[in-house]
Amino acid sequence: MKKKILINLLFVLSLLFIFRYTMLPSASLGIGMGKGVINLIPLRGIGNPLSPNFFLNVGGNILLFIPFGLVLSLKYPKLRNAQVVTLMGMSLSILIECTQLTMPNRCTDINDVLLNTFGTYMGFRLFCKFKLAYSLQ
């Protein structure tokens, strides 16, 4: 029973973590800001790889969804499939980006969807390693 409560709490916290950095009218780290900016071309505007903002943007978008991919697999055993978990992460990211279209001072970027989706996949892979190491059912 305690294990299930912990998993549910971790799942809610992973969602709150995502929404904290994506759904507030102004970005706390100064990333994702721009009045009505929409980028639908992959890798365009991702930045200079030597810039500190590049690592903050790319790394931040990936790290943001790793807990979601990991905890989603813990919470829903029937979803323990890389394609399903990754698709769910991509769907959540698309929902967030579409919502940001309606928010002042936020931009919508296909790169965020790609990076968030990759982060979800990485979270699933971590779950698989964790599952093997601790023999989770």
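**A word on helix α2 (residues 52–75)**
An α-helix turns once every 3.6 residues. As a result, residues three or four positions apart point the same way.
Here is step 1: Here α2 contains 24 residues, and its C-alpha end-to-end distance of 35 Å stays within 8% of the 34 Å for a straight helix at 1.5 Å per residue.
Here is step 2: In α2, a bend of some 25° at G60 exceeds every other bend along the element.
Here is step 3: Its side-chain oxygen at 3.1 Å from the backbone nitrogen of N53, S51 defines the N-terminal cap of α2.

**Re the environment of F19**
Here is step 1: As for its position among the elements, F19 is in helix α1 (residues 2–22).
Here is step 2: Residues F19 and L64, spaced 45 residues apart in sequence, show a C-alpha to C-alpha distance of 9.6 Å.
Here is step 3: Those residues in contact with F19 that sit more than four places away from it in its chain are L24, L92 and I96.

**Some details on the nonpolar core**
Here is step 1: Counting residues in each nonpolar core, the largest one holds 15 residues, and the members touching the most others are I18, F65, F68 and L92.
Here is step 2: Among the secondary structure elements, those contributing two or more residues to this core are α1, α2, α3 (82–100) and α4 (110–134).
Here is step 3: It is α2 that contributes the most residues to this core, six residues altogether.
Here is step 4: Residue contacts for F65: discarding those within four places in its chain leaves I18, G89, L92, S93, I96, N116, G119 and T120.
Here is step 5: Counting residues in hydrophobic clusters, the runner-up holds six residues, among them I46, F54, I62 and L115.

**Here we look at a nonpolar patch on the surface**
Here is step 1: Taken together, L6, L9, L10, V12, L13 and L16 make up a surface patch of nonpolar side chains, about 520 Å² in accessible area.
Here is step 2: Summarising the element assignment, V12 is placed in helix α1.

**Some words on the side chain of T117**
Here is step 1: Along the chain, the position of T117 falls in helix α4.
Here is step 2: Owing to a relative accessible area of 13%, T117 belongs among the buried residues under this scheme.
Here is step 3: For T117, the contacting residues outside a window of four places in its chain are T86 and M90.

**Observations concerning α3**
Here is step 1: When the terminal C-alpha atoms of α3 are compared, their 27 Å separation across 19 residues agrees well with the 27 Å that a helix rising 1.5 Å per residue should span.
Here is step 2: Along α3, the residues that are buried comprise V85, T86, G89, L92, S93, I96, E97 and Q100. Seen from one end, α3 has its buried residues packed into an arc of 135°, which puts them on one side. Exposed positions of α3 whose direction lies more than 90 degrees from the buried face are Q83 and L95.
Here is step 3: Of the residues flanking the start of α3, the one acting as N-cap is N81, its side-chain oxygen 2.8 Å from the backbone nitrogen of Q83.

Rules used throughout
Residues numbered from 1 in each chain as written. Predicted model: local features only at pLDDT ≥ 70, side-chain atom pairs only at ≥ 80, totals over all residues. Heavy atoms only, no water. Helix = DSSP H or I, 4+ residues; strand = E, 2+ residues; numbered from the N terminus. Expected span 1.5 Å × (residues − 1). Bend = angle between axes of the 7 residues up to and from the residue. Polar contact = N/O pair within 3.5 Å; in protein donor to acceptor, adjacent residues only side chain to side chain. Contact = heavy atoms within 4.5 Å. Core = buried A, V, L, I, M, F, W, Y, C linked by side-chain atoms within 4.5 Å. Buried < 20%, exposed > 50% of the residue type's maximum accessible area, 1.4 Å probe, protein only. Patch = residues over 30% accessible without salt bridge, like charges linked within 9 Å, V, L, I, M, F, W, Y side chains within 5 Å. Areas by Shrake-Rupley, 256 points an atom, 1.4 Å probe, with all protein chains shown as cover. Salt bridge = Lys/Arg side-chain N within 4 Å of Asp/Glu carboxyl O. Arc of directions from axis to C-beta.

Coordinates in, geometry out; function isn't part of it.
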